[in-house]
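Letter by letter, the chains look like this.
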Amino acid sequence: MLEIAALEKRFGDTQVLRNINLRVAPGELVFVIGPSGSGKSTMLRCCNRLEEPTSGAIMLDGQNITGCGAQALNRMRLQLGMVFQGFHLYPHMNVLKNVMLAQEKALKRPRPEAQARAMAMLEQVGLAHKADAMPSDLSGGQQQRVAIARALALDPKVMLFDEPTSALDPELVGSVLKVMKDLRQAGMTMLVVSHEMGFAREAADRVIFMDAGVVVEEGTPDQIFGAPKMARTQEFLSRVS
Ligand code: ADP
Ligand code: MG
């Protein structure tokens, strides 16, 4: 569904990603771990060209994102739902409007349809009862679930998560992970950067370990967490667990 092929990214003289090759099959949850600065966010941002890859290709459902012009890029970006550490909700709009806005503006969905879709997605993340609330009245975990609903409302083919729970108080993390687990059950294709190793063990199909801009090792959660082969992976896991 999503393929990253020979991706390289340089910022000036600094090479941040080297020959990254990664495929996410339909319905698969691929989990990316690695130390801070290893290039995880840059890799995700290259997927929808928030960062322009230096070379290599990104394919989404058989279409090349890297080659396409501005109009096609805008269409394809809508098919890649992105959830960041910060929630970036519009503070002056209620929850329902936040989930409707991009549907109306970007997909040109008629308002009643956008509203129905927004309510269905809020239902899915357990927040239908907060439709009229303002973002500032919600906990961080609830705001993040609204951000997930907003991304889902655009019917993405793949969801990209960049440390979606890192900004949350510990007691709020579980509610967001549960929504992600439900999504996986529902068959969503997901590429997730996170430090929630327990979640990875439970929910990931594959785990990728990145360090210094390269994929050092990949395998099932049992392989990576139970019997990592590479010294760098062992060292990282011994530090974080
Ligand atoms: P991670 O998400 O794994 O912590 P990042 O992808 O954020 O890593 O960063 C990888 C490296 O790229 C870091 O060394 C960072 O300083 C560098 N980097 C990221 N964005 C930029 C940028 N816009 N300009 C220059 N260097 C950048
Ligand atoms: Mg990052």
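Each remark here, short or long, concerns the structure printed above.
Here is a short report on the structure shown in this document. The model shown is predicted, which means the values in this text are computed figures rather than measured ones.

Notes on the site of ligand 1
Then, number 1: The immediate surroundings of ligand 1 are formed by Phe 11, Val 16, Pro 35, Ser 36, Gly 37, Ser 38, Gly 39, Lys 40, Ser 41 and Thr 42.
Then, number 2: Here Thr 42 contributes a side-chain N or O atom positioned 2.5 Å from an oxygen atom of ligand 1.
Then, number 3: For ligand 1, whose unbound accessible area comes to 560 Å², protein coverage reaches 57%.
Then, number 4: Partitioning the shell around ligand 1 into residue classes produces three nonpolar, six polar and one charged.

Overview of the sheet that holds strand β1 (residues 2-11)
Then, number 1: Read across the open sheet, the four strands follow the order β2-β1-β4-β5; overall the sheet is antiparallel. Both edges of this open sheet fall to β2 (14-24) and β5 (63-64), since each of them pairs with a single strand only.
Then, number 2: Relative to β2, β1 runs antiparallel, the two sharing seven bridges. From the neighbouring strand, Ile 4 faces β2, where its bridge partner is Leu 22.
Then, number 3: Across the face of the sheet, helix α1 (residues 40-47) comes into contact with β1, β2 and β4 (55-60) while running at roughly 120° to β1.

Notes on the packing of aromatic side chains
Then, number 1: Counted under the stated rule, the structure contains two aromatic pairs.
Then, number 2: With a centroid separation of 6.2 Å and an interplanar angle of 50°, the aromatic rings of Phe 31 and Phe 199 are classed as tilted. On the criterion of sequence distance, the pair formed by Phe 31 in strand β3 (residues 29-33) and Phe 199 in helix α7 (residues 197-203) is long-range, its members being 168 residues apart.
Then, number 3: Note on Phe 31: relative accessible area 0%, which makes it buried.
Then, number 4: Using a relative accessible area of 5% as the deciding quantity, one classes Phe 199 as buried.
Then, number 5: The residue whose ring lies beneath Lys 9 is Phe 11, and the NZ or CZ to ring-centre distance is 4.9 Å.

Analysis parameters
- Residues numbered from 1 in each chain as written.
- Chains lettered and ligands numbered in written order.
- Predicted model: local features only at pLDDT ≥ 70, side-chain atom pairs only at ≥ 80, totals over all residues.
- Heavy atoms only, no water.
- Near = heavy atom within 4 Å.
- Polar contact = N/O pair within 3.5 Å; in protein donor to acceptor, adjacent residues only side chain to side chain.
- Areas by Shrake-Rupley, 256 points an atom, 1.4 Å probe, with all protein chains shown as cover.
- Nonpolar A, V, L, I, M, F, W, Y, C, P; charged D, E, K, R; others polar.
- Pairing = 2+ DSSP bridges.
- Helix = DSSP H or I, 4+ residues; strand = E, 2+ residues; numbered from the N terminus.
- Contact = heavy atoms within 4.5 Å.
- Axes fitted to C-alpha atoms, helices over the stretch in contact; angles between N-to-C directions.
- Phe/Tyr/Trp six-rings, centres within 6.5 Å; stacked < 30°, edge-to-face > 60°.
- Buried < 20%, exposed > 50% of the residue type's maximum accessible area, 1.4 Å probe, protein only.
- Lys NZ or Arg CZ within 6 Å of the ring centre and 35° of its normal.

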